[in-house]
Amino acid sequence: MVRVRLIYSHEVVDKPILASIILRTGVPVNILEAKVNAQKGELIVSISAAGDKLREILDLFREEGVQVQEIAETLRIDWDRCVACGACVSPCPTGALKFGEDWTLEYDESKCIVCKICVTACPLRAISVPGTGEI
Amino acid sequence: MRDEGERLRAIDEINEKIKRGDAVVLTAEEMIKLVESSGLEVAAKEVDVVTTGTFGAMCSSGVFLNLGHSNPPIKMVRCWLNDVPVYKGLAAVDGYLGATAMSETRGFEYGGGHVIEDLVSGKEVILRAESYGTDCYPRKYIETAITLEDINQAVLVNPRNCYQRYDAATNSSDRVLYTYMGTLLPNYGNITFSGAGQLNPLCKDPNYETIGLGTRIFLGGGIGYIIGEGTQHSPGAGYGTLMVKGDLKKMNSRYLRGASFHKYGTTLYVGIGVPIPIVNIRVARTAALRDDEIFVNIRDYAIPSRPDLRPIVKRVSYAELRSGKVYLGDKGIQSSSLSSYKVAREIAEVLKKWILEGIFFLTEPIETLPREGELKPLKVKGRELTVGDIMRRNVITAKPDEDIRDVAIKLVEKGIDHLPVVDDEGKLIGIVTSWDLAKAIARGKRRVEEIMTRKVITAFENESIDVVARRMAQYNISGVPVVNRMNHVIGIITTNDISGKVIGGKVYGEGKTDLFS
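**A look at the overall build of chain A**
Okay, so step 1: Counting its secondary structure elements, chain A contains 3 helices and 8 strands.
Okay, so step 2: Mapped in sequence order, the helices and strands of chain A form the string β-α-β-β-α-β-β-β-β-α-β.
Okay, so step 3: Overall size of chain A, expressed as C-alpha extent along the three principal axes, is 50 × 30 × 20 Å.
Okay, so step 4: Residues classed as buried in chain A amount to 27% of the 135 residues present.
Okay, so step 5: A separation of at least 24 residues holds for 59% of the contacts in chain A among residues at least 6 apart in sequence.

**Focus: the overall build of chain B**
Okay, so step 1: Check the secondary structure of chain B and you find 13 helices and 32 strands.
Okay, so step 2: Principal-axis analysis of the C-alpha atoms gives chain B an extent of 95 × 70 × 40 Å.
Okay, so step 3: For chain B, with 517 residues in total, the buried portion stands at 42%.

**Quick look at the domain arrangement of chain B**
Okay, so step 1: Partitioning chain B into domains gives domain 1 (11-58 + 157-368), domain 2 (68-151) and domain 3 (387-501).
Okay, so step 2: When each unit is reduced to the centre of its C-alpha atoms, the spacing between domain 2 of chain B and domain 3 of chain B is 51 Å.

**Details of the nonpolar core**
All names here are of chain B.
Okay, so step 1: In terms of nonpolar packing, the biggest core is built from 127 residues, with Met31 and Ile278 touching the most fellow members.
Okay, so step 2: The contacts of Ile278, once residues within four sequence positions are left out, are Leu8, Ala44, Val47, Asp48, Val49, Val50, Val283, Ala284 and Ala287.
Okay, so step 3: Ranked by size, the runner-up nonpolar core spans 27 residues in total, among them Val387, Ile404, Ala469 and Val480.

**Structural notes on the sheet that holds strand β2 (residues 29-36) of chain A**
All names here are of chain A.
Okay, so step 1: Here we have 4 strands laid out as an open sheet, ordered β2-β3-β1-β4, and antiparallel in their pairing. The sheet terminates laterally at β2 and β4 (66-70), the two strands that pair on one side only. Pairwise comparison of adjacent strand axes, ignoring direction, gives a mean angle of 20° for this sheet.
Okay, so step 2: Sheet analysis places strand β1 (residues 2-8) next to strand β3 (residues 41-47), joined by 7 bridges and oriented antiparallel.

**Comments concerning helix α7 (residues 341-356) of chain B**
Residues and elements named next belong to chain B.
Okay, so step 1: Taking 1.5 Å of rise per residue, 16 residues should cover 22 Å, and α7 covers 23 Å from first to last C-alpha, within 8% of that figure.
Okay, so step 2: Within the span of α7, buried status applies to Tyr341, Val343, Ala344, Glu346, Ile347, Ala348, Val350, Leu351, Lys352 and Ile355.
Okay, so step 3: Gly358 sits one or two residues past α7 and shows a positive phi near 75°.

**Details of the packing of helix α9 (residues 404-414) of chain B against helix α10 (residues 434-442) of chain B**
Residues and elements named next belong to chain B.
Okay, so step 1: Viewed as axis vectors pointing N to C, α9 and α10 meet at an angle of 145°, and their least axial separation amounts to 10 Å. Considering the relative orientation of α9 and α10, their crossing is left-handed. Residue-level contacts link Ile404, Val407, Ala408 and Leu411 of α9 to Ser434, Leu437, Ala440 and Ile441 of α10.
Okay, so step 2: Residue classes in the contact of α9 with α10 are distributed as 7 nonpolar, 1 polar and no charged.

**Concerning the interface of chain B and chain A**
Much of the literature gives interface size as the accessible area that the parts lose upon coming together.
Okay, so step 1: Between chain B and chain A, the residue contacts involve 25 residues of the former and 17 residues of the latter.
Okay, so step 2: Class assignment for the residues of the side of chain B that touches chain A results in 10 nonpolar, 12 polar and 3 charged.

**Observations regarding the domain arrangement of chain A**
Okay, so step 1: When its domains are assigned, chain A resolves into domain 1 (2-70) and domain 2 (75-135).
Okay, so step 2: The straight-line distance from the C-alpha centre of domain 1 of chain A to that of domain 2 of chain A is 27 Å.

**Regarding the pairing of strand β20 (residues 242-247) of chain B**
In summary, the side chains of a regular strand alternate between the two faces of the sheet.
Residues and elements named next belong to chain B.
Okay, so step 1: Of the strand pairs in this sheet, strand β12 (residues 153-161) and β20 are connected by 5 bridges, and their pairing is antiparallel. Within the sheet, the bridge partner assigned to Val157 lies in β20 and is Lys245.
Okay, so step 2: Taken together, the 5 bridges between strand β19 (residues 222-229) and β20 define a ladder with antiparallel strand orientation. Residue pairing for β20: Tyr225 is matched across the bridge by Lys245.

**A look at the environment of Ala87(A)**
Okay, so step 1: Considering the arrangement of structural elements, one finds Ala87(A) in the loop between β5 (76-77) and β6 (97-99).
Okay, so step 2: Classification of Ala87(A) as buried rests on a count of 30 C-beta atoms within 10 Å.
Okay, so step 3: Residues Ala87(A) and Ile21(A), spaced 66 residues apart in sequence, show a C-alpha to C-alpha distance of 39 Å.
Okay, so step 4: With near-sequence residues (within four places) excluded, Ala87(A) lies in contact with Ala121(A), Cys122(A), Pro123(A), Gly182(B) and Leu338(B).

**Notes on the sheet that holds strand β11 (residues 141-146) of chain B**
All names here are of chain B.
Okay, so step 1: Taken in spatial order, the 4 strands line up as β6-β5-β10-β11 in an open sheet, and their pairing is antiparallel. The open sheet has two edge strands with one neighbour each: β6 (84-86) and β11. Going from strand to strand, the sheet's axes swing by 25° on average, the running direction of each strand aside.
Okay, so step 2: In this fold helix α4 (residues 112-120) packs onto β5 (78-81), β6 and β10 (125-130), with an angle of close to 125° to the strand it touches most, β10.

**Details of the pairing of strand β21 (residues 256-261) of chain B**
All names here are of chain B.
Okay, so step 1: Where burial is concerned, most of β21 is hidden: 6 out of the 6 residues are buried.
Okay, so step 2: Burial along β21 is two-sided: the residues Leu256, Gly258 and Ser260 and Arg257, Ala259 and Phe261 are all buried.
Okay, so step 3: As paired strands, β21 and strand β22 (residues 265-273) are joined by 6 bridges and run antiparallel to one another. Residue pairing across strands places Ser260 opposite Thr266, the latter belonging to β22.
Okay, so step 4: In sequence, β21 turns back onto β22 through a hairpin of 3 residues, with Lys263 there showing a positive phi of about 60°.

**Overview of the confidence of the model for chain B**
All names here are of chain B.
Okay, so step 1: For chain B, per-residue confidence averages 93 on the pLDDT scale, and 96% of positions sit at 70 or higher.
Okay, so step 2: Every residue in residues 504-513 scores below 50 in pLDDT, and together they form 13 contacts with partners more than four places removed in sequence or on other chains.
Okay, so step 3: Per the prediction output, this complex has pTM 0.84; the corresponding ipTM is 0.84.

**What to know about unusual backbone geometry**
Residues and elements named next belong to chain B.
Okay, so step 1: At the junction of Asn71 and Pro72, the peptide bond is cis and its omega measures out at -10° in the coordinates.
Okay, so step 2: Considering the arrangement of structural elements, one finds Pro72 in the loop between β4 (62-66) and β5.
Okay, so step 3: In the Ramachandran plot, Asn187 falls in the positive-phi region, its phi being about 50° despite a non-glycine side chain.
Okay, so step 4: Note that Asn187 resides in the loop between β15 (182-184) and β16 (191-193).
Okay, so step 5: The exposure class assigned to Asn187 is partly exposed, which follows from the 13 C-beta atoms found within 10 Å.
Okay, so step 6: You will see that Tyr188, though not glycine, has its phi angle at about 50°, which is positive.
Okay, so step 7: Within the element layout of this structure, Tyr188 appears in the loop between β15 and β16.
Okay, so step 8: Using a count of 20 C-beta atoms within 10 Å as the deciding quantity, one classes Tyr188 as buried.

**Let's talk about the packing of helix α1 (residues 17-25) of chain A against helix α2 (residues 51-63) of chain A**
Each packed pair of helices is defined by two parameters, the angle between the axes and the distance between the axes.
Residue and element names in this part refer to chain A.
Okay, so step 1: At a minimum axis separation of 10 Å, α1 and α2 run at an interaxial angle of 145°. As for the relative orientation of α1 and α2, their crossing is right-handed in sense. Of the residues in α2, those in contact with Ile17, Ile21 and Thr25 of α1 are Glu56, Ile57, Leu60 and Phe61.
Okay, so step 2: Across the contact of α1 with α2, the residue classes break down as 5 nonpolar, 1 polar and 1 charged.

So, how was this worked out
- Residues numbered from 1 in each chain as written.
- Chains lettered and ligands numbered in written order.
- Predicted model: local features only at pLDDT ≥ 70, side-chain atom pairs only at ≥ 80, totals over all residues.
- Helix = DSSP H or I, 4+ residues; strand = E, 2+ residues; numbered from the N terminus.
- Buried ≥ 20, exposed ≤ 12 C-beta atoms within 10 Å, placed from the backbone.
- Contact = placed C-beta atoms within 7 Å.
- Domains from an automatic or database assignment.
- Core = buried A, V, L, I, M, F, W, Y, C linked by C-beta atoms within 7 Å.
- Pairing = 2+ DSSP bridges.
- Axes fitted to C-alpha atoms, helices over the stretch in contact; angles between N-to-C directions.
- Expected span 1.5 Å × (residues − 1).
- Left-handed = near helix turned anticlockwise from the far one by under 90°.
- Nonpolar A, V, L, I, M, F, W, Y, C, P; charged D, E, K, R; others polar.
- pLDDT = per-residue confidence, 0-100.

As structure tokens, this is what we get:
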């Protein structure tokens, strides 16, 4: 699974590109975040594919005029700031943030869907999402 | 049977042993294990001191400052540190900086708690002060940068810290709540709680036999003292609190952290550890209380009433809360703490080390904490306005099968914007606004039921105006039907009614720097 940012220019923002690519390839694409208006659109999606299949899908987006950026990082946690209070643990919908054996906070990036509920839930402001301009 | 209160050792004897380096000191977790493996009597005989710890958000915290005199001097009438207002109802250069005071430029993101943390970590802080000028203090304005080292005194004095235990929180409503108990997801989406349970200082001596005025403690990484019961001390129900003080200059920012609760405000995470001398078997027994023997209520924060009136959803132990899952009926709900068990444990360890190294001695309290007393609510004099006082009772309603053109005429003739839709029995089943009608006509719809909103936000006649005004702001709507318990429409209230009739009534905005506009 990989997360990418899809940037739609005003020329293509009104086209059902994502839906047609899902139909053509049969690969599920999960929309994590969407900002769309008449001028442009920006989607953050996770694609359940790898290797050649993934490359094929990304090329299809590019052919349609959509800019594709891979998102390597999900959450950035400032471990010096984190006090392992747990305020982010119960709001986390996927269990990506949880306590370890010694009550230290643990982060499992593969489970994170970047819903960002933890960003505001953290009283120490130790969690941010790079590139989204969030706190 | 042996008398549980029979004296096993005096504080002086313990201090002698600390001096000799042979005091037996365990953390509360270690004490629990010892009692489980060797029994209470053996543990009570062997152990001199049990150390405790907690590290959580404690809003009633702050620091008394003496900033020193400039030349020419100023009688600081208003004063800010990093734009956070300092209480100045004291002498010329004395002030009190509270943890929840918020920055006038950064709002929810930076407050008194953060300034305290910055000072303790040695950072420079901008001091700004204003005055009217007097014969003895001619200066009217000052702006300078200070560090903790520069100022004469900085004494942490916290009116209420270290709750014995604290009720947990959940949310039955259909939207996310941002509270001082953290982020509460809709439909009982999660449960948050606070306090270290089996490590919590006051839980380990709930009869307050060894804790009181003059007890020396670990406070914010330095030495502090208990100076009495805290505000809202409510021992009858098991919710005791402490008032504490200590020299901020000797503290450590690892155990004093500024924090922000989203859309609530700023606070200070404070680390406290209290040594419990095992003076008798009763204290040994309570010092070994486990998470599964300490209970709190889970309360529903969706009900915007007084904390003690919020409905109790369930009574649970700290063990259940800490397990990460609490069952409400057959539904498992994720639970997590807001206070750090990891740091609480670390504090109990540090305090144990200090005692073992002979650098921390115990004190006999001059007066133990009060064992009786309950919490009083604030009485509101006079009668406050309720929805029933200002709602309009002659409500114009519509039926689901009415033609929207007729409905449009009704709205125009009566000069109204909201039209509740009722069934034949007068029960509310939807609402139509003038905006809905405009859209419907544009899209060629015909009947009311095709366009009405079915999930209607409502109010009750006896609800407070503040509560209903906040509800309208949250859902971004300008009017709500008032219904009785049978869901019959008995009135309607709009934002216009409120602003027109409630003079001086304030509706608090969300997420703005100007919090009260």
